[in-house]
Amino acid sequence: MTSRYQRGTALLGLPFILAAVVLVIGPALVTAGYAFTSYDGLSPATFNGLDTFRAVLADPELHRSLSATGWFLLLAVPLRIIGGLLLALLADGQGRLAGATRVSVFAPSVIPDPATALIWLWVINPLYGPLGAILRLGGVDLGAVLLDPWGARLTIVALSVFALGEGFLVTLAARREIPEQLYDAARVEGAGSLARLRRVTLPLLAPLLLLLTARDVLVSMTNALVPTLLLTRGGPLDATKTLPLLVYERGFREGELSEGAALAVLTLLLAA
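Residues numbered from 1 in each chain as written. Predicted model: local features only at pLDDT ≥ 70, side-chain atom pairs only at ≥ 80, totals over all residues. Heavy atoms only, no water.

Student: Any chance you could explain the overall build of the protein chain here in plain terms?
Tutor: A tally of helices and strands in the protein chain yields 13 helices and 2 strands. Against the globule reference of 19 Å for 272 residues, the protein chain gives a C-alpha radius of gyration of 23 Å, more extended than a compact globule. Overall, the protein chain is about 75 × 75 × 30 Å in size when its C-alpha atoms are taken along their principal axes. A buried classification covers 36% of the 272 residues belonging to the protein chain. Nonlocal contacts in the protein chain, meaning residues at least 24 apart in sequence, comprise 67% of its contacts between residues at least 6 apart. Just so you have it, the protein chain exposes about 15,900 Å², and 71% of that area is on carbon and sulfur atoms. Taken together, the 20 basic and 19 acidic charged side chains of the protein chain have centroids lying 10 Å from each other. (Helix = DSSP H or I, 4+ residues; strand = E, 2+ residues; numbered from the N terminus. Rg over C-alpha atoms; globule rule 2.2 N^0.38 Å. Buried < 20%, exposed > 50% of the residue type's maximum accessible area, 1.4 Å probe, protein only. Contact = heavy atoms within 4.5 Å. Areas by Shrake-Rupley, 256 points an atom, 1.4 Å probe, with all protein chains shown as cover. Lys, Arg positive; Asp, Glu negative; His and termini not counted. Charge placed at Lys NZ, Arg CZ, Asp CG, Glu CD.)

Student: How should the environment of Leu 154 be read in this particular structure?
Tutor: Structurally, the position occupied by Leu 154 is in helix H7 (residues 149–162). When the C-alpha atoms of Leu 154 and Leu 268 are compared, they prove to be 25 Å apart, with 114 residues separating the residues in sequence.

Student: What's the story with the pattern of salt bridges in this structure? I'm lost.
Tutor: Pairing between side chains of opposite charge can happen when the charged atoms of each approach one another. Per the counting criterion, the structure on display carries 15 salt bridges. One salt bridge connects Glu 61 with Arg 250, and the closest N-O pair in it is separated by 2.6 Å. Placement of Glu 61 in helix H3 (residues 60–90) and of Arg 250 in helix H12 (residues 243–253) is noted, with a sequence separation of 189 residues between them. The exposure class assigned to Glu 61 is buried, which follows from its relative accessible area of 15%. The buried category is assigned to Arg 250, whose relative accessible area is 6%. Note that Lys 241 and Asp 238 form a salt bridge whose closest N and O atoms lie 3.5 Å from each other. The network of salt bridges with shared partners includes Asp 59, Glu 61, Arg 64, Asp 238, Lys 241, Glu 249, Arg 250, Arg 253, Glu 254 and Glu 259. (Salt bridge = Lys/Arg side-chain N within 4 Å of Asp/Glu carboxyl O.)

Student: Sorry, what's going on with the packing of aromatic side chains here?
Tutor: To describe a pair of aromatic rings, one takes the distance between the centres and the angle between the planes. Considering all chains together, one arrives at 5 aromatic pairs under this definition. Considering the side-chain rings of Phe 36 and Phe 53, the 5.2 Å spacing of their centres and the 55° angle between planes classify their relative orientation as tilted. One end of the pair, Phe 36, is in the loop between helix H1 (4–34) and strand E1 (37–38); the other, Phe 53, is in helix H2 (residues 51–57), with 17 residues separating them in the sequence. Using a relative accessible area of 11% as the deciding quantity, one classes Phe 53 as buried. In this structure, Arg 153 packs its charged tip against the face of Trp 150, placed 4.7 Å from the ring centre. (Phe/Tyr/Trp six-rings, centres within 6.5 Å; stacked < 30°, edge-to-face > 60°. Lys NZ or Arg CZ within 6 Å of the ring centre and 35° of its normal.)

Student: When you look at the nonpolar core in this model, what are you seeing that I'm missing?
Tutor: As a rule of thumb, soluble globular proteins bury nonpolar side chains together. Counting 28 residues, the largest nonpolar core has Phe 72, Leu 205 and Leu 231 as the members making the most contacts within it. When residues in this core are grouped by element, the largest group, 7 residues, is from helix H10 (residues 193–223). Those residues in contact with Phe 72 that lie beyond four places of it in its chain are Val 77, Ile 156, Val 157, Ser 160, Ser 220, Met 221, Ala 224 and Thr 242. Counting 12 residues, the second-largest nonpolar core is a separate cluster that includes Ala 35, Val 56, Ala 262 and Val 265. (Core = buried A, V, L, I, M, F, W, Y, C linked by side-chain atoms within 4.5 Å.)

Student: Would you explain H1 in this entry?
Tutor: Helical geometry: 3.6 residues make up each α-helical turn, so side chains three or four residues apart lie on a common side. Taking 1.5 Å as the rise per residue, H1 with 31 residues should run 45 Å; its terminal C-alpha atoms sit 43 Å apart, in good agreement. Largest kink in H1: about 40°, centred on Val 21. (Expected span 1.5 Å × (residues − 1). Bend = angle between axes of the 7 residues up to and from the residue.)

Student: Please clarify how the side chain of Ser 65 should be interpreted in this entry.
Tutor: Counting through the fold element by element, Ser 65 comes out in helix H3. Judged by relative accessible area, which is 1%, Ser 65 ranks as buried. In terms of polar contacts, Ser 65 uses its side chain to reach the backbone carbonyl oxygen of Thr 242, at 3.4 Å. Excluding residues within four positions of it along the chain, Ser 65 makes contact with Lys 241, Thr 242, Leu 243 and Leu 246. (Polar contact = N/O pair within 3.5 Å; in protein donor to acceptor, adjacent residues only side chain to side chain.)

Student: Quick question: what am I supposed to make of unusual backbone geometry here?
Tutor: Trans is the common state for peptide bonds, and a negative phi is the common state for residues other than glycine. Note the cis peptide between Gly 235 and Pro 236, where omega equals -10°. As for its placement among the helices and strands, Pro 236 is situated in the loop between helix H11 (225–232) and H12. A positive phi angle is found at Arg 233, which is not glycine, with a value near 55°. For Arg 233, the location among the structural elements is in the loop between H11 and H12. When its relative accessible area of 53% is taken as the criterion, Arg 233 is described as exposed. Backbone geometry places Asp 238, a non-glycine residue, at a positive phi of 60°. Tracing the backbone shows Asp 238 in the loop between H11 and H12. Look at Asp 238 and you get buried, because its relative accessible area is 18%.

And the structure:
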């Protein structure tokens, strides 16, 4: 027989379930349905089977977008995971410096994506940006970074790595859950700092780091939409046109809603 506590718990979870159905599951099912139609948002949708998927898969722009997405994830995800781990180890303390480090690392994650993109646009400006001014002191000309394919890619990657506060906090919390007795035992056996990191910290954090890697594949890809839209618009030469940006352009800018839906389904399948 269901207890009052269980019924109360179910009622507390009901708003979340309803919100998930209305805001996530419902739109996802509608999007998947439009992927099997021909629909531009103006005329009624007509079912066409797999024709939309065939057209999308044969599109050279999709192939370039897959390449841009692959390069971005290959660079951004490892840097975010390793950066979050190193910063968590550095901030694992009780002093004022450790507290200031935790705040400074997490702070960029609460800045809205458009604001972050505009800040970076100012930083890398070759004429009056601070990065260009610093490099000129050393006799190096920054140049127009966003006009070079690899310069644009690395800028979007750097912007993504800049906001790693969530992964940093999770890694820091997991590090503090490791019993100190394990480190004391390693010290007794003569293990130095690197040995304790290799034999205690990394093995115990490995499951979490694997989970964060899988999470960051999706999070990094979706979070890159606003920076690429504001900074590069997918250029130059489609070097930064990742799959989410291609979905946005095809569905909302060009009005091909059925192709945008098909691309969204493909993106979900690739990220799953």
